[in-house]
Amino acid sequence: MIRVLEPGAQTTVQDLGRPGHLRYGIPPSGPIDRTAFVVANRLVGNADDAAGLECTVMGPRLEADAPCAIAVTGAEMPVTVNGGQASAWQTLILKPGNVVKLGPARAGVRAYVAFSGGIDLPLVLGSRATYLRGRLGGLGGRALRKDDRLTLFPAPLPPIRRASAAAIADLTVPPEIRVVLGPQADRFTEDGIAAFLGGEYEMLPQSDRMGARLKGPRIEHARGHDIISDGIALGSIQVPGDGQPIALLVDRQSTGGYTKIATIGSFDIGRLGQVKPGQRLRFRAIDLAEAHRLLRHWHASQMDVLEEA
Amino acid sequence: MAVNTRVRALEFLVQHKAVAGVIETVPTFRSLLVFYDPLVVGYDALCAALAELAAQAEHVSLPPPRIVELPCCYEDPELGIDLVPAAERLGLPPVELARLHAGAEYLVYFIGFTPGLPYMSGMPERIMLPRLETPRTKVPPGSVGIGGIQCCIYSVESPGGYWILGRTPLRLYDPEAPEPILLQPGDRVRFRAIDRREYDTIAAAVVAHTFTPVIA
């Protein structure tokens, strides 16, 4: 059992999400930075889809009442155990009464905490992921609160390992986010597309798990910004009338009526989700074959990320 | 409507033929979004498979639709907030607007935007209105709205630009229910006008999870 001493700014239970319900308007949810989430689970000996925590901007303070292993990955939040500095991206063994704290993010936005065994909560539509707007899944469909208790599935303690340096992205530099243009790229002027691919866009503080709101060079439409509503993919970039892009994420609306200029490759969604408000990013267009090659590479690179600590 | 029928027929075929690599589908008015795993099926192979099914979709007969009865209270201005102004705009007595709206049968084209929100067609032409000039920032769940040729029912509290004619005490989205979503694409919806007393009775039963919607 894990007791929540302080919940942090917005900490939710996530697993790999609930695909299959978008046709009813229910998004998949799950971690935004999937690589970091999966590595955390592997560091504690879990299957990739075990439920853990996504911590936003300011992490929680948690107390273990029984021996367990945890791992912290993703955004760079200083980790302490009983006040002493501890390593992220590494298996940590907690003893009964140990208190682990994640401080404010120095780089990145979202940190992940995995617990050996994974968090034991009922499956809702096949998943333990929290969908905040729909008050669905996780712990009562909400973010953690002080004095919540998280039960873990029983599991043996894993060997102590750490993630290889190659698995850890540098979150301090402005990233290049790779996109495939379309499905409505023809609804923008040449100048509009050039602005989108040539300019720098700043992450706005209104961004959340539904969408990343960006501000930068205005993207000009060729003929109106409305379409007959159609489906929205993970990473779809909508451009409403104001010419500013919105990248849609794991808690997105299932359908929408704004033109979509491009779609972000799934392999870059996690990196986008680690861009802090005020930080900048750029987009680069790739073709579909290149996107699929990068996707294969991304999956393969997750296979072998752990080493002996 | 013919296009949307083909969209739903194609989705039906994709689901029943279990096309390899397909993860899920989202039907809308005139398109079907197909999510697939490119590590399982290539883009060209998938497109070829879908094109073949799209040709078949012209001839497929969909399973008979469910007919769902939705009780709706029009008479109380607290619930049907725009019934009187909408009736005025249309040059109809409010009672007649409610009668015309409840008298039609609606087809759920698709569910989208928020969980469980149906986009429906079948509005009588006589009651069509452009959307509100200034959308509301908050529309309560269950609100039955019309705008253009559409009728929709808000499933969670959200902003909205439709004229609200009434409210159903049923929950189109209930995160605590084993089946959180009431309506499905392709359903036929009939509204049954109820008074405020019946609205309150059904609403209480819905909260207690003792109300069973009428679905034929």
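See above for the structure.
Reference entry: report on the structure contained in this document. (Residues numbered from 1 in each chain as written. Chains lettered and ligands numbered in written order. Predicted model: local features only at pLDDT ≥ 70, side-chain atom pairs only at ≥ 80, totals over all residues. Heavy atoms only, no water.)

**Side note on the overall build of chain B**
Across its full length, chain B holds five helices and twelve strands. Against the globule reference of 17 Å for 216 residues, chain B gives a C-alpha radius of gyration of 19 Å, in line with a compact fold. Its C-alpha atoms give chain B principal-axis dimensions of roughly 55 × 40 × 35 Å. For chain B, the residues scored as buried account for 52% of the 216 residues in total. Restricting to contacts in chain B with at least 6 residues of sequence separation, those with at least 24 account for 63%. (Helix = DSSP H or I, 4+ residues; strand = E, 2+ residues; numbered from the N terminus. Rg over C-alpha atoms; globule rule 2.2 N^0.38 Å. Buried < 20%, exposed > 50% of the residue type's maximum accessible area, 1.4 Å probe, protein only. Contact = heavy atoms within 4.5 Å.)

**As for the sheet that holds strand β1 (residues 2–6) of chain A**
All names here are of chain A. One open sheet holds the six strands; their spatial order is β7-β6-β9-β4-β1-β11, and the pairing between them is antiparallel. Two strands lie at the open edges of the sheet, namely β7 (84–86) and β11 (149–150), each paired on one side alone. The pairing of β1 with strand β4 (residues 61–64) spans four bridges and is antiparallel. Paired with I2 across the strands is A64, a residue of β4. (Pairing = 2+ DSSP bridges.)

**Examining the interface of chain A and chain B**
Tallying the contact residues gives 29 residues for chain A and 33 residues for chain B. Taken together, the two surfaces of chain A and chain B that pack against each other cover about 2,400 Å², and 65% of this comes from carbon and sulfur. Taken together, the connections running from chain A to chain B amount to two salt bridges. A salt bridge links B:E11 to A:R23, with the shortest nitrogen-to-oxygen separation between them at 2.7 Å. Looking at the side of chain A that touches chain B, the elements with two or more residues in it are β16 (226–231) and α4 (288–301) of chain A. Of the residues forming the side of chain A that touches chain B, the biggest block, five residues, is contributed by α4(A). Each residue belonging to the side of chain A that touches chain B can be placed in one class, and the counts come to 13 nonpolar, eleven polar and five charged. (Buried area = accessible area lost by both parts, 1.4 Å probe. Salt bridge = Lys/Arg side-chain N within 4 Å of Asp/Glu carboxyl O. Nonpolar A, V, L, I, M, F, W, Y, C, P; charged D, E, K, R; others polar.)

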